[in-house]
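Each chain, letter by letter, is given below.
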Amino acid sequence: MNLHIADYLIIIIYFLFVIGVGFIIKRRIKTSNDFLTSGRNIPLWITSLAFISANLGAQEVLGMVASGAKYGIMTVHFYWVGAIFAMVFLGVFMMPFYYGSKARSVPEFLKLRFDEKTRGLNAISFAVMTIFSSGISLFALAKLLEVILHWDFEVSIWLAASIVMIYTFLGGLTSAVYNEVLQFFLIVLGLSPLVIVALHDAGGWSNIKTLLQPQLTHAWRYMGNAESNPMGINFMSLIFGLGFVMSFGYWCTDFLVVQRAMMAKNMNAAQRTPIIAAIPKMFMPLIVVLPGVIAIALLQPAMASKGFSIPSDGKGGLDYTMTLPSLISHYYPTGLLGVGITALIASFMSGMAGNVTAFNSVFTFDIYQSYFVKNKSDRHYLIVGKAVTVAGILLSIVTAYIAKGFNNINDFLQLVFSFVNGPLFATFLLGMFWKRTTGHGAFFGLLAGTIAATLTHGLTLAEGKGGWIYPLYEIHSGMGQAFIVASVSWIVNFCTTIIVSLFTKPKPEAELTGLVYSLTVKPSYHQDKWYLRVVPISLILIAITIILNIIFF
Amino acid sequence: MYKKLNNLGFVIGIFFILISLVLIIGGLVSDALANKLNFYTGFSFLVFGVLMSFLNRKDDKDVQV
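Predicted model, so just to flag it, every value in this text is computed and none were measured.

J.: How would you summarise the overall build of chain B if you had to cite specific residues and measurements?
T.: Helix and strand counts for chain B come out as 3 helices and 0 strands. Counting helices and strands in the order they occur from the N terminus, chain B gives α-α-α. When the 65 residues of chain B are sorted by exposure, 34% land in the buried category. Within chain B, contacts between residues separated by at least 24 positions form 63% of all contacts whose residues are at least 6 apart in sequence.

Here's what the structure looks like:
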């Protein structure tokens, strides 16, 4: 793939704009809250788009296109099962606690609801995870640019990191969020022509269905048995593992996304943020799953005349990660090629900036201010927040170099993340809906859940992974293994938290007002028009999601 | 004009207008960019950019400094 001067011009315009946004926002930054939490002053349309954009990193864009090529239309489960319901639940049930408690972060909410040690455990694990995620995003960007454009790995890393550093250092969270919205439009509009052209070239959806095996074009029909579908999982594992444990664990507790809703101007906007975000999220498979399915259709013998190909992975299979770059290279002419490459760069930078801004909020408020230097002036914490931003970027660069040196570090880190994140939703669910839940219960439940996840992975084997203690049980696919690990960790956390809570002393009810469902006055929007109210929009979204699942059954 | 830069919709609109101009004008003056897909996309971006730039958002004005 060779770029023309016009392609470079588009990339340069993009870089200038994201840096320019940082300079514009800089004038608004007066306090540590402005820098780290945006001062709860961001319009709804921006918080909503930032909410999904924070999740629209490169791993999402490249990964979902790759999954679309590998597993077919079943990949939509990550949206229509694994996202929409959790986003609606967050908006309707959980945002009143997050927003109403006035906590500045998810770990701070855990401190208010439970105790200091639960906050510390969550804050430290989250801070470490965000840095590694950011570093992996940086590594993946540099690696991709090296492979497809033959750009120097070092130059790519330092250039991308420097640009993210400039705009996050200047404008903090607001700057990152504003750029996420720009990046959202760039990714969606930049990749839309690709979908249209490739779909037309493949003869439309009806022709794709005749070209491919039915397992690749039906979302549910072959889910009755794990062996009869390409994902290697049955519908029970999918619904509980992905649809409940992993989905709710991510969308409802991960500070990276919840932070975007916490920036809203008022409670109603905070509740509607994930719900409005669910609308574009619902249709995101058109941009990130459909291209993968089209790519596989184009590889069929009947389509050989199209000349499309995906590089080999060197082991006799296809390098599915290269599906999207291959489509861009095949269909985009000079000019639009620059738009496509810029969209890819934007997705990497969006992922990195989101992680860095979440890291600096948690580190400054939940680690530095809580454990090291208390009761200093606001200016002190503003300076620390800025210094932590620089440190976060530098640590991300170090992580990117570590990832370069160790081939399996990405897999290893993803595994560790799932061990920590898997059980987390059980803690929040019990904490918010059962006032008897105690701080000791939450803390030991989290620890037990993480240990259970580690043991389950060590005792199960899937596609050559896991089984490092003893390969006691074999699972059809790595994805199925991930769902089972998450499910076991969630159940162990749930049970442990209940048992320990029953034997320990709960907080007085007076301290739980606004933090537990039964002790909180529910926000009422009956005076608003129906489309401004949370529940009616949520019901419509759920109905549309069910209809989409039926259409692609 | 400078005050408008505080409006994110305006900034995003200008970005897409600039990209559309690269695609459309580039296609008119350079053979390398003279492709139907560039023109269609360029015009789509132009329409989107103009709408984003000049759509009046009360919400945005509230946060202007």
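J.: Explain the sheet that holds strand 3 (residues 473–474) of chain A to me, using residue names and the numbers behind them.
T.: In sheet architecture, strand pairing relies on hydrogen bonds along the backbone and comes in two forms, parallel and antiparallel. All names here are of chain A. If you trace the 3 strands from one edge of the open sheet to the other, you get 2-1-3, paired in mixed fashion. Across the chains shown, the open sheet's two edge strands, defined by having one partner strand only, are strand 2 (465–466) and strand 3. Running over the sheet, helix 21 (residues 439–459) touches strand 1 (460–462), strand 2 and strand 3 and is turned about 60° from strand 1. The strands touched by helix 22 (residues 478–502) within the sheet are strand 1 and strand 2, with strand 1 carrying the most contacts at an inclination of about 150°.

J.: How would you sum up the nonpolar core? Please name residues and give values.
T.: Residue and element names in this part refer to chain A. Counting 213 residues, the largest nonpolar core has Met87, Leu138, Leu141, Val164, Val181 and Leu182 as its most contacted members. If one sorts the elements of this core by residue count, helix 9 (residues 153–201) sits on top with 22 residues. Each residue touching leucine 138, except ones within four places of it in the same chain, is listed here: Ile157, Ala160, Ala161, Met352, Ser396, Ile397 and Ala400.

J.: Describe the interface of chain A and chain B, listing the residues and the values that go with them.
T.: The partner chain B presents 24 residues to the 28 residues of chain A that form the contact. The set of elements that each furnish at least two residues to the side of chain A that touches chain B consists of helix 1 (5–26), helix 3 (44–53), helix 9 and helix 17 (336–372) of chain A. Per-class residue counts for the side of chain A that touches chain B are 22 nonpolar, 4 polar and 2 charged.

J.: An account of the packing of helix 8 (residues 116–149) of chain A against helix 9 of chain A is needed here, citing residue identities and associated values.
T.: Residue and element names in this part refer to chain A. At a minimum axis distance of 8 Å, the contact between helix 8 and helix 9 shows a crossing angle of 135°. With respect to helix 9, the axis of helix 8 lies oblique. In this structure, the crossing between helix 8 and helix 9 has a hand that is right-handed. Of the residues in helix 9, those in contact with Leu138, Leu141, Ala142, Leu145 and Glu146 of helix 8 are Phe153, Ser156, Ile157, Ala160 and Ala161. For the contact of helix 8 with helix 9, the per-class residue count stands at 8 nonpolar, 1 polar and 1 charged.

J.: Would you mind going over the packing of helix 9 of chain A against helix 18 (residues 378–405) of chain A in detail, with residue names and values included?
T.: Residue and element names in this part refer to chain A. Packing of helix 9 against helix 18 brings their axes to within 9 Å, and their N-to-C directions diverge by 165°. It follows from the interaxial angle that helix 9 and helix 18 lie roughly antiparallel. Between helix 9 and helix 18 lies a crossing whose hand is right-handed. Of the residues in helix 18, those in contact with Ile157, Ala161, Val164, Met165, Thr168, Phe169 and Gly172 of helix 9 are Gly385, Lys386, Thr389, Val390, Ile393, Ser396, Ile397 and Ala400. In the contact of helix 9 with helix 18, the residues fall into 9 nonpolar, 5 polar and 1 charged.

What counts, and at which threshold
- Residues numbered from 1 in each chain as written.
- Chains lettered and ligands numbered in written order.
- Predicted model: local features only at pLDDT ≥ 70, side-chain atom pairs only at ≥ 80, totals over all residues.
- Helix = DSSP H or I, 4+ residues; strand = E, 2+ residues; numbered from the N terminus.
- Buried ≥ 20, exposed ≤ 12 C-beta atoms within 10 Å, placed from the backbone.
- Contact = placed C-beta atoms within 7 Å.
- Pairing = 2+ DSSP bridges.
- Axes fitted to C-alpha atoms, helices over the stretch in contact; angles between N-to-C directions.
- Core = buried A, V, L, I, M, F, W, Y, C linked by C-beta atoms within 7 Å.
- Nonpolar A, V, L, I, M, F, W, Y, C, P; charged D, E, K, R; others polar.
- Parallel < 35°, antiparallel > 145°, perpendicular 65-115°, else oblique.
- Left-handed = near helix turned anticlockwise from the far one by under 90°.

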